[in-house]
Amino acid sequence: MKRRSNLKSSERNTQPVNSAKKLKNTEDFGATSISCPNSKYTAVLLKGKAQLRQEETKGVKSFPADKSQGRILCHALTTDFFHYGTDSGHVVCVSLKDGKTVSSFTHTVGVREVFPAQRGKHLVFTDEKKSGYLLSTSTESDSCLELPDFSPTITGVLWDSWHPERGVFAAYDHEKVYVYALHKLTIYGSWVSLVGSECLHPSKKPMSLENGVLICQLASGQTSKLTLSTHSYLKQAGSSSSKLSKQLTRAVMLNRLDEGLDLVRTHTKERLLKKLGKACLIHMEVELAIQVYQLSQNVSMVSSLEAIRGIKENKLLAGHLAVFLGEYNLAQDHYLSSSCPLAALEMRRDLSHWEKALKLAKDLAEDQIPYISKEYAAHLEQTGDFLKALAHYKNGLTHNNQEHNEACQAGVARMLITVGDIRGGVAKAIQHPSRVLKQECGALLESVRQLSQAAQLYEMGQYYDQAALVYMQCKDWAKVGELLPHVSSLKTHQRYAKAMEANGKYKVAAQAYKRAEDWDNLTRILLDHLNNPEAAVHVVRQTKSKEGAKMVARFFLLRKNYDSAIRILVLCQCNDEAFKLAQQHRQVEVFAEIIGAEATQDDYGNIAQYFEAERNHLQAGYYFHLGEQYRGALENLLMCDSTEGGLAVDMAIEVVCQAKDICLTDQLIDYLTGKTDSKPKDPVHLFRLYMALQRHTEAAHVANSIASEQLCSGNYRVSHDLLFKMYRELLDHKTDISTEMSTNLMLLHSYLLAKIHVKRGDHLKAAHLLSRVSENIRMFPAHVVPILTSAVIECQRAGLRNSAFNHAVTLMRPDNRKQIQQKYRRKIEDIVRHPHKSEVVDDMTPCPVCGSLLPQNELLCTSCKSNLPYCIATGQHMLREDWSVCPHCDFPALHSQFLLLLKTEKACPMCCQTLGADEVKKISDCSKYLATVNLNRRTTASP
């Protein structure tokens, strides 16, 4: 949008044309100017008043509303604000949105021109003295800054539209352009700096300024661009250090600290980084300063800036930054004008400016004077000015803080001793409750060889170790003996024990060695002087001392107590000697028991070889296993007799799993399958082996065989649980599940589920399930007739008369007829003789895979040839819209039917885990469950 400058009446007058006709004489009431920078408002200045007109509503407002503001001499419109200046020095900003005065500033003399920034936050005005000022209206109290080196010939001001919040503008006349920058937020306050100037050809009239590029209008009406020298560094990167320094200076003056960071990032010279870091601190750019000091690897400064980065109050933040720059007086001024003036006092205390801290405390916090005096005294004590420190410790005494007073009194005591007043210092220390003070004063007294008084203070302070040592220097053994129960220093006890042993007081020496935890000397005293082997053994057992154990072992060997000697040798880890002694006296079991987990591989090998020679194959195999000699372990375990067979096989399985040796694995498999001795072992062992080896396919085959045996024996629950466990294992290990296993599990579950529905009285579901089982009755040889009989009865009750007839015909076969119970025989014969082949039609429901309709109890889709997942609550195939799973076993179930079943049953029919209806959740998307189900194409009909 083009900016239109204010028009004066002299500029608007033109020469009259010949055709002009005089109509009327009028009086000239004053100059007129019009401002119209947007399409919504127009401002007109007439007779010292301004009229603001809204184009849409045609509404007009007159300014100034207050006559005391004087006559308006200049005005300007921006997008959101209307500005005007008066002859009495008023500069007013009015919001176009609601017509309210946003800010009003009163200058000392009349205002001639106003040049507002587009957003209305800043405004440059000139007064009758031809001086220039920058007025900031965005702060709580308007601030006015005089422009340095302002030319009285300035005719206009252009604000840089690139990042206008940085406050860069250009003032121009007919010959020059002056670039200014507002440094609004710094630790030194706000100021305006003259960045530089540029010559301007008289034929060029500045129109706009953007990022240092001045767009001018020529006399011909065309425009030209002029890059100001103050911004030339943006296009010409400096190569030398001096050029980089000048460019960095320009960037800082233009408030472009981020661009300054880009300049120094590629030339990480310490001097430039230090210069930019200081500028960031001055301009209160904490985040940018952190990046600069990270580049310079100034860890301490980065840590300090990180600690204050969250402070929002400018005065408080400025105080902290001034401290970093070493401007302590300025920091004090900022702190005192902030919401936390006590920070100034804390700064002086941290800097150890004690005199200034005391002065501030008198004005800000008189209650802190005693505390500062105490800190000052501590500082003087460290620097060696003891007399002055004594005076300040005394000045630090107060009446309302016992802890502080005690610290000051402690300082007085120390200083009295230091300056030579021993009696006064000791008296103060004795009266003082602090144990630490007594230790400090004792050390001071000890340094000047006042040993008796030092020991007294140590004892009163309960520093018994130091007191005992000082008493030892005085040769006061009686006093040392009184203090020993309280002494914790082992060296002190040891020193006392040696003195007592030298004097022949062995019992006292033994007690002292025990307190000193000198176990070897204690053992020696107990064996050599006190003849107390029991106590010596107890010490060795508790301490595991090797030297002590050797002494006790020698003691027992001299007395031929081999068992005790072996135990002691094991305790001192002399395993070879202990084993040899155990072999000689047939104490290897004792040796093995004692050595336990502390044995080495060689120890285990020696023990195993011993048991192997003794033909104790189970123990030999066990210790070969512990010694990681897996071949020897397996050979011995397979040689165990039948009474140890189960335990031996379990250990053998553990051996081959740890060995991971194919030959050993094959050897154990041959043993279990009977290839070795033509005596097949219990297949449960083979199943455990395959499971331990994670050979799930072979384990599944064995599980099928075991399940088939249980099935033939009529142990349906055992067979079901075994197949279910194997099914889950295969699913968890993402191993393919054979059709045989899936079918067997489905049929077993159908039979067990039928018994549940018979008990519940749901004869239709029970009939369908028993019909499914009856069609595969060869898999239930132990209960052919009972199952068929139940199927006939349930089908008859459910109205499936044709199915009842078919099952009854099977029952009437000669091999089955004799086994029918007498109470059911006649009824079954009637069904066969008088058949009724009516059948309740099974409901048609969609296939969950392809959507084709099929009977709800059919588990093979005739359209897509897929094995369908079945409901564990009904045995029917699953439906997408009624899908749920058991939260324990993850098997699918029709949600509505599962909830119905759980009203009478308290457990999942598949996994038998206790289950409540509230735990079963309906699943809207069953795709991932269908993906895990065995949907392989089948070539034979489903069971």
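One can find the structure itself at the top, above this paragraph.
These figures come from a predicted structure and were not determined experimentally.

**Student:** Break down the overall build of the chain for me, citing the residues and quoting the values.
**Tutor:** The helix and strand inventory of the chain stands at 42 helices and 24 strands. In terms of C-alpha radius of gyration, the chain reaches 52 Å, well past the compact-globule figure of 30 Å for 943 residues. Referenced to the eigenvectors of the C-alpha coordinate spread, the extents of the chain come out at roughly 145 × 115 × 60 Å. Counted over contacts in the chain with a minimum sequence separation of 6, partners at least 24 positions apart contribute 41%. Accessible area of the chain: about 49600 Å², with a carbon and sulfur share of 49%. Here the chain contributes 115 positive and 102 negative side-chain charges, whose respective centroids are spaced 6 Å apart.

**Student:** Explain the nonpolar core to me, using residue names and the numbers behind them.
**Tutor:** Residues Leu668 and Phe780 are the most contacted members of the largest nonpolar core, which totals 165 residues. Sorting elements by how many residues they give to this core places helix 35 (residues 739-760) first, with 10 residues. Excluding residues within four positions of it along the chain, Leu668 makes contact with Leu634, Leu638, Ala652, Ile653, Val656 and Leu689. Ranked by size, the runner-up nonpolar core spans 53 residues in total, among them Ala279, Leu281, Ile308 and Ala389.

**Student:** Before we move on, can you summarise the pattern of salt bridges with the specific residues and values?
**Tutor:** Within this structure, the stated rule accounts for 19 salt bridges. Put simply, Arg414 and Glu440 hold a salt bridge, and the shortest N to O gap is 3.1 Å. Here Arg414, found in helix 13 (residues 402-418), pairs with Glu440, found in helix 15 (residues 435-447); they are 26 residues apart in sequence, far enough to count as distant. Overall, the relative accessible area of 32% leaves Glu440 in the partly exposed class. With a shortest N-O distance of 3.5 Å, Glu905 and Lys759 are connected by a salt bridge. In this pair, Glu905 sits in the loop between helix 41 (895-901) and strand 24 (922-923) while Lys759 sits in helix 35, placing the two residues 146 residues apart along the sequence. Judged by its relative accessible area of 15%, Glu905 falls in the buried class. Taking relative accessible area as the criterion, Lys759 reaches 63% and is therefore assigned exposed. Overlapping salt bridges bring together Glu287, Glu306 and Arg309 as one network.

**Student:** Outline the sheet that holds strand 8 (residues 101-106), supporting the account with residue identities and numerical values.
**Tutor:** The strands making up a sheet are joined through hydrogen bonds of the backbone, oriented either antiparallel or parallel. Read from one edge to the other, the open sheet built from 4 strands follows the order 5-6-7-8, with strand pairing classed as antiparallel. Each having just a single partner strand, strand 5 (72-77) and strand 8 make up the two edges of the open sheet. The mean angle between the axes of side-by-side strands here comes to 15°, regardless of whether they run parallel or antiparallel. Pairing of strand 5 with strand 6 (residues 81-86), which is carried by 5 bridges, proceeds in the antiparallel orientation. Paired with Leu77 across the two strands is Phe82, which belongs to strand 6.

**Student:** Residue-level account of the sheet that holds strand 13 (residues 156-159), with values.
**Tutor:** A sheet is described by the order of its strands in space; here 4 strands give the open sequence 13-14-15-16, paired in antiparallel fashion. Two strands close off the open sheet at either side, each with one partner strand: strand 13 and strand 16 (191-199). Within this sheet the neighbouring strands show an average axis-to-axis angle of 25°, counted without direction. Sheet analysis places strand 15 (residues 176-183) next to strand 16, joined by 8 bridges and oriented antiparallel. Considered in strand 16, the bridge of Ala181 is made with Ser193.

**Student:** Would you mind going over the packing of helix 13 against helix 15 in detail, with residue names and values included?
**Tutor:** In a pair of packed helices, the angle between the axes and the distance between the axes together describe the arrangement. The interhelical angle for the contact between helix 13 and helix 15, taken along N-to-C directions, is 5°, at an axis separation of 10 Å. For the element pair helix 13 / helix 15, the angle class is roughly parallel. Side by side, helix 13 and helix 15 meet where Ala410, Ala413, Arg414, Ile417 and Thr418 of the first sit next to Leu437, Glu440, Cys441, Leu444 and Leu445 of the second. Its residues assigned to classes, the contact of helix 13 with helix 15 shows 7 nonpolar, 1 polar and 2 charged.

**Student:** Describe the environment of Pro148, naming the residues involved and giving the relevant values.
**Tutor:** Take Pro148: it is sitting in the loop between strand 12 (143-146) and strand 13. Judged by relative accessible area, which is 28%, Pro148 ranks as partly exposed. Sequence separation between Pro148 and Ser131 is 17 residues, and the spatial gap between their C-alpha atoms is 9.3 Å. If we ignore the near neighbours within four places in the chain, the residues touching Pro148 are Tyr180, Val192, Ser193 and Leu194.

**Student:** Let's hear about empty space enclosed by the protein: which residues, and what values?
**Tutor:** With the rule as written, the count across this model stands at 2 cavities of 30 Å³ or more. In this model, the largest cavity occupies a volume close to 70 Å³. Lining the largest cavity are Ala117, Arg119, Lys121, His122, Trp159, Pro164 and Glu165. Looking at the lining of the largest cavity, its residues break down into 3 nonpolar, 1 polar and 3 charged.

**Student:** Now, about the state of the cysteines: what can you tell me, with residues and values included?
**Tutor:** By definition, a disulfide links two cysteine residues through a covalent bond between their sulfur atoms. The tally for this structure, following the rule as stated, stands at 0 disulfides. Between Cys216, a free cysteine, and Cys199, which holds the nearest cysteine sulfur, the sulfur-to-sulfur gap is 13 Å. Cys889 forms no disulfide, and the closest cysteine sulfur to it belongs to Cys886, at a distance of 3.6 Å. Cys889 gets classed as buried once you look at its relative accessible area, which sits at 3%.

**Student:** Provide a residue-level description of unusual backbone geometry, including the pertinent values.
**Tutor:** Note that the residue after Phe63, namely Pro64, is joined by a cis bond; omega there is 0°. Residues other than glycine seldom take positive phi values, yet Lys475 does so here, at roughly 60°. Looking at the element boundaries, Lys475 is found in the loop between helix 17 (464-473) and helix 18 (477-483). Owing to a relative accessible area of 59%, Lys475 belongs among the exposed residues under this scheme. Despite not being glycine, Cys912 has its phi angle at roughly 65°, a positive value. Residue position: Cys912 is located in the loop between helix 41 and strand 24.

Criteria and thresholds
- Position numbers for residues start from 1 in each chain and track the written sequence from start to end.
- Predicted model: local features are reported for residues with pLDDT of at least 70 only, side-chain atom pairs are reported and counted for 80 or more only, and whole-chain, interface and lining totals are derived from all residues.
- Water and hydrogen atoms play no part in the side-chain values, which are based on all heavy atoms of the structure.
- Under the scheme used here, helices are H or I runs from DSSP no shorter than 4 residues and strands are E runs no shorter than 2 residues, and both carry numbers assigned from the N terminus.
- The size measure is the radius of gyration over C-alpha atoms, and the globule rule it meets is 2.2 Å times the number of residues to the 0.38 power.
- Throughout, a residue-residue contact means that at least one pair of heavy atoms, one from each residue, lies within 4.5 Å.
- For accessible areas, the Shrake-Rupley method is used with a probe of radius 1.4 Å. Any residue's cover is judged against the shown protein chains and nothing else.
- Residues scored as charged are limited to Lys and Arg (positive) and Asp and Glu (negative), so that His and the chain ends carry no count.
- To locate a charge, take atom NZ for lysine, CZ for arginine, CG for aspartate or CD for glutamate.
- Here the nonpolar core consists of buried residues drawn from Ala, Val, Leu, Ile, Met, Phe, Trp, Tyr and Cys, with membership extended through side-chain atoms lying within 4.5 Å.
- A simple rule labels every residue: compare its accessible area, found with a 1.4 Å probe on the protein chains alone, to the largest value its type can have, and call it buried under 20%, exposed over 50%, or partly exposed in between.
- For this analysis, a salt bridge means a side-chain nitrogen from Lys or Arg found within 4 Å of a carboxyl oxygen belonging to Asp or Glu.
- Between any two strands, at least two bridges found by DSSP are needed for them to pair.
- Helix axes are fitted to C-alpha atoms over the stretch in contact, other axes to C-alpha atoms as well, and angles between N-to-C directions run from 0 to 180 degrees.
- Roughly parallel means an angle under 35 degrees; roughly antiparallel means over 145; roughly perpendicular covers 65 to 115; every other angle is labelled oblique.
- Gly is placed with the polar residues, together with every amino acid not listed as nonpolar (Ala, Val, Leu, Ile, Met, Phe, Trp, Tyr, Cys and Pro) or charged (Asp, Glu, Lys and Arg).
- Definitions used throughout: a 1 Å grid over protein atoms alone; a cavity as a set of points that fits a 1.4 Å probe which cannot get out; a pocket as an open set with protein on both sides within 12 Å along at least five of seven lines; a lining residue as one with an atom within 4 Å of a point.
- Grid points are joined across faces, edges and corners, and a volume is the space filled by probe spheres set on the points.
- Here, a disulfide means two cysteine sulfur atoms that sit within 2.5 Å of each other.

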